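# Observations on chain architecture
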Amino acid sequence: MSATRPAPVPATGTSSAPVVSVKPVVLPAPGRGEDLRVRVCAPVTGSALPVLLFSHGFGSSLDGYGPLTDFWAAQGFVVIQPTHLDSRTVALPADDPRTPRIWRFRVEDMKRILDRLDDLEAAVPGLAGRVDRSRVAAAGHSFGGQTVGNLLGLRVLDPRTGRGEDLSDPRVGAGVLLATAGRGGADLTPFAAQNFPYLNPDFAHMSAPALVVVGDRDDNPLTVRGPDWMTDPYVLSPGDKSLLTLFGAEHSLGGIAGYEAKETTDENPGRVALVQRATLAYLRHALGIEDTGWPALREALAGSADPLGRIESK
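Read on for a plain summary of the structure. (Residues numbered from 1 in each chain as written. Predicted model: local features only at pLDDT ≥ 70, side-chain atom pairs only at ≥ 80, totals over all residues. Heavy atoms only, no water.)

### Let's talk about the side chain of Thr-83
Looking at the element boundaries, Thr-83 is found in the loop between strand E4 (78-82) and helix H2 (102-115). When near neighbours in sequence (up to four residues on either side) are disregarded, Thr-83 contacts Arg-32, Leu-36, Arg-37, His-56, Ser-61, Leu-62, Thr-89, Val-90 and Asp-109. (Helix = DSSP H or I, 4+ residues; strand = E, 2+ residues; numbered from the N terminus. Contact = heavy atoms within 4.5 Å.)

If you want it as structure tokens, here you go:
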């Protein structure tokens, strides 16, 4: 018989807790070329707090995505953000020998965080003893979505051999993939195929629960298919999956990349608020924290005369 785990406190999606943030926490990373720099955010009160790893998009850093990460922390998650090697703050040269494996270094960053949760917990004043290590999820935007997919079972196929290694991690119970790339091969533009060989994912083994979030106007320059390309992580993967389609949204999904971030092309506070509510409700549902917010949100969108998006599940 399994014991019933306590729900985290705060355990509602309607009120916010004050948040403490510590950065950078530096984790030694032999073989990476430089140490891993991490930001940790957590509510100053509450217990049994679930863990949420966040993987940034190409070029960003631990300082990005405040509209999401600040929100999740205020709602009871311990949010951990690494700076990957592709970050503009690292300024890795294009001819650096690590570049072809940049996607894999990202996955290793996330696994290193899970391996060093003791150190990260100790780095935040007052956090020790308040973390629920049995409830871990991961979320990522764009390139970060593929990184999260790897933890859930996505395999990057070698363009020469057609084989992909299983890099999934059973410690991650659920994921959120935001504006994440679809299939490679003929679906890529010639530029993308030449410059991003790791954009060759196989979703057949990505069986862990996940929410895929897409914008129906996300005309990504890496694909010849248009916005439909971003639905592949949902359509082509097995298991418990949900898809949130945001109407009118482009790649920034209304502005999730940062407060007043210049890469936002479709600024829409209402759209960002929906991403906040939907991801929070889904994560609490998928991690077994509570199961009222997610069906309530789905019902509200389905019943709205002018919805900002739609949710489907399989």
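### Here's the deal with helix H8 (residues 293-303)
Three or more residues of H8 are buried, namely Trp-294, Leu-297 and Leu-301. Down the axis of H8, the buried set is contained in an arc of 65°. They therefore lie on one face. Exposed side of H8, more than 90 degrees from the buried face: Glu-299, Ala-302 and Gly-303 are the residues found there. Of the surrounding secondary structure, the elements contacted by the buried residues of H8 are strand E9 (210-215), strand E10 (241-246), helix H7 (269-286) and strand E11 (309-313). (Buried < 20%, exposed > 50% of the residue type's maximum accessible area, 1.4 Å probe, protein only. Arc of directions from axis to C-beta.)

### Observations regarding the nonpolar core
Membership of the largest hydrophobic core comes to 52 residues, with the highest contact counts inside it found for Ile-80, Ile-113 and Leu-120. Ranked by residue count, the leading element in this core is H2, at seven residues. Those residues in contact with Leu-120, other than ones at most four positions away along the chain, are Val-25, Leu-27, Val-38, Val-40, Ile-80 and Ile-113. In terms of nonpolar packing, the next biggest core, distinct from the first, is built from 39 residues, Cys-41, Phe-77, Leu-178 and Leu-287 among them. (Core = buried A, V, L, I, M, F, W, Y, C linked by side-chain atoms within 4.5 Å.)

### Let's talk about the pairing of E4
Judged by how many residues are buried, E4 sits mostly within the fold: five of five residues are covered. Neither face of E4 is exposed, since Val-78, Ile-80 and Pro-82 on one face and Val-79 and Gln-81 on the opposite face are all buried. Here four bridges tie strand E2 (residues 36-43) to E4, and the two strands are oriented antiparallel to one another. Directly across from Val-38, in E4, lies its bridge partner Pro-82. As paired elements, strand E3 (residues 49-55) and E4 share three bridges and run parallel to each other. Counted as the bridge partner of Val-51 is Val-78 from E4. Running through helix H1 (residues 66-74), the crossover from E3 to the neighbouring parallel element E4 is right-handed. (Pairing = 2+ DSSP bridges. Right-handed = clockwise from strand over helix to strand, strands pointing away.)

### A short note on the pattern of salt bridges
As enumerated under the stated definition, the model contains 24 salt bridges in all. Note that Asp-119 and Arg-116 form a salt bridge whose closest N and O atoms lie 2.5 Å from each other. A residue is classified by how much of its surface remains accessible, and Arg-116, at 26% relative accessible area, is partly exposed. With a closest N to O distance of 2.7 Å, Arg-225 and Asp-232 form a salt bridge. The exposure class of Arg-225 is partly exposed, given its relative accessible area of 25%. (Salt bridge = Lys/Arg side-chain N within 4 Å of Asp/Glu carboxyl O.)

### A word on the packing of H1 against H7
Interaxial distance between H1 and H7 falls to 10 Å at its minimum, and their mutual angle equals 40°. Of the possible angle classes, the one that applies to H1 and H7 is oblique. With respect to the hand of their crossing, H1 and H7 are arranged in right-handed fashion. Contact residues: Pro-67, Leu-68, Phe-71 and Trp-72 in H1; Val-272, Val-275, Gln-276, Arg-277, Thr-279 and Leu-280 in H7. In terms of residue class, the contact of H1 with H7 is made up of seven nonpolar, two polar and one charged. (Axes fitted to C-alpha atoms, helices over the stretch in contact; angles between N-to-C directions. Parallel < 35°, antiparallel > 145°, perpendicular 65-115°, else oblique. Left-handed = near helix turned anticlockwise from the far one by under 90°. Nonpolar A, V, L, I, M, F, W, Y, C, P; charged D, E, K, R; others polar.)

### Some thoughts on the side chain of His-56
Positionally, His-56 belongs in the loop between E3 and H1. On the basis of relative accessibility, which here comes to 1%, the residue His-56 falls in the buried class.

### Quick notes on the environment of Leu-52
Among the structural elements, Leu-52 can be located in strand E3. Since its relative accessible area comes to 0%, Leu-52 is described here as buried. Each C-alpha atom of the pair Leu-52 and Pro-30 lies 24 Å from the other, and the pair is 22 residues apart in sequence. Excluding anything up to four places from it in sequence, Leu-52 contacts Trp-72, Phe-77, Val-78, Val-79, Ile-80, Ala-137, Ala-138, Ala-139 and Leu-283.

In short, geometric facts, not functional conclusions.
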